[in-house]
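A structural walkthrough
Residues per chain are reported as follows:
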Amino acid sequence: LAQIAADEGVRVTLVADLFSLGIKKSDTSYFANMPLIHYQPSPGDSSDLVVKRVIDFVLAAVGLLVLSPLLMLLALAIKLDSRGPVFFRQRRVGLNGRMFTLLKFRSMVIDAEAKLEDLKSQNEMKGPAFKLTNDPRITRVGRVLRRFSLDELPQLINVIRGDMSLVGPRPPLPEEVSLYERKQRRRLSMRPGMTCTWQVSGRNDIPDFQTWAELDLAYIDNWSLTNDLKLILKTIPAVFLGTGAR
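All figures in this text were calculated on a predicted structure; none of them were measured in a lab. (Residues numbered from 1 in each chain as written. Predicted model: local features only at pLDDT ≥ 70, side-chain atom pairs only at ≥ 80, totals over all residues. Heavy atoms only, no water.)

**With respect to the overall build of the protein chain**
- Per the secondary structure count, the protein chain includes eight helices and six strands.
- Scanning the protein chain from its N terminus toward the C terminus, one meets helices and strands in the order α-β-β-α-β-β-α-α-α-β-α-β-α-α.
- Projected onto the principal axes, the alpha-carbon positions of the protein chain cover approximately 85 × 40 × 30 Å.
- Expressed as a percentage of its 246 residues, the buried residues of the protein chain come to 42%.
- When contacts within the protein chain are restricted to residue pairs at least 6 apart in sequence, long-range pairs at least 24 apart make up 66% of them.
- Across the protein chain, the mean location of the 34 positive side-chain charges is 7 Å away from that of the 26 negative side-chain charges. (Helix = DSSP H or I, 4+ residues; strand = E, 2+ residues; numbered from the N terminus. Buried < 20%, exposed > 50% of the residue type's maximum accessible area, 1.4 Å probe, protein only. Contact = heavy atoms within 4.5 Å. Lys, Arg positive; Asp, Glu negative; His and termini not counted. Charge placed at Lys NZ, Arg CZ, Asp CG, Glu CD.)

Written out as structure tokens, the structure reads:
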């Protein structure tokens, strides 16, 4: 059809998005006389990503130093409130599917994961993520920690290690990733973070994982250091006000 149109002197336009990948960033180049289309699922090896990593390391290190008195008080409160370790360790999926151990202050009873199966039928989140208002596994101190995201503070250590960033999609569980739709796996193309668009957009007030994933993909497609700074600044009042927390 293209050749017939060319023979008749008609301009031909071909739709290049043959695979409907849903990836926003693309460009073209030529190999000899052959046009090539390149899809970029994340910012790639941009020098800005190096700056992002330096900022992450410095701010996380300063944060741990400044917050150390608060962290010790929270650790003491957790110890006095219920039996079990101060920290909760869990395997999560990070950048490009790499596994790492996420750190949190323990906000649940020690056998919380064993009790999860009995609560899955009450899941309030549509899709491969679990959220439950008034989860019976949460301790008294844990409710305060979760409301103001204080249980997330040990993840500053994950940021220093390079497992996480200050800003990026929240790291999922391996079993959640196994249930992802193909397009949702692109969440893993950016280093996971302590905060992102979901955290400043109502968190648990967002009822379905599809919307959550779309927010993360929009963040990846429009990523910049400026946007990261804006999200950090928006996170501060969201944490103090406990916006969307349950």
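After that view of the structure, there is still more to cover.
**Observations concerning the side chain of Thr197**
- Position of Thr197 relative to the elements: it lies in the loop between β6 (193–195) and α7 (209–221).
- Beyond its immediate stretch of four places on either side in the chain, Thr197 contacts Leu215, Tyr219 and Leu231.

**Section: the side chain of Gln155**
- Structurally, Gln155 is set in helix α5 (residues 155–161).
- Only 2.9 Å separates the side chain of Gln155 from the side chain of Arg170, close enough to count as a polar contact.
- Beyond its immediate chain neighbours, meaning those up to four positions away, Gln155 contacts Leu102, Leu103, Lys104, Met164, Arg170 and Met194. (Polar contact = N/O pair within 3.5 Å; in protein donor to acceptor, adjacent residues only side chain to side chain.)

**Thoughts on helix α8 (residues 225–241)**
- Compared with the 24 Å implied by 1.5 Å per residue over 17 residues, the 25 Å span of α8 between its first and last C-alpha is a close match.
- Along α8, the residues classified as buried are Asp228, Leu231, Thr235 and Ala238.
- Elements in contact with the buried residues of α8: α2 (47–81), β5 (165–167), β6 and α7. (Expected span 1.5 Å × (residues − 1).)

**A word on the environment of Gln122**
- Relative to the elements of secondary structure, Gln122 occurs in the loop between α3 (112–119) and α4 (140–147).
- Put simply, Gln122 and Thr133 are 11 residues apart on the chain and 9.4 Å apart in space, counted from C-alpha to C-alpha.
- Among residues more than four places away in sequence, those in contact with Gln122 are Lys131 and Leu132.

**Digging into unusual backbone geometry**
- Backbone geometry at Ala32 places phi at a positive 60°, although glycine is not the residue there.
- Relative to the assigned elements, Ala32 resides in the loop between β1 (25–31) and β2 (34–40).

**A look at the packing of aromatic side chains**
- If you walk through the whole model with that rule in mind, you get four aromatic pairs.
- Consider the rings of Phe209 and Trp212, whose centres lie 5.6 Å apart with planes at 65°: the pair is edge-to-face. Here Phe209 pairs with Trp212, and both are found in helix α7, just three residues apart, close to one helical turn.
- Its relative accessible area of 2% is what places Phe209 among the buried residues. (Phe/Tyr/Trp six-rings, centres within 6.5 Å; stacked < 30°, edge-to-face > 60°.)

Treat this as a map of the structure, not an account of what it does.
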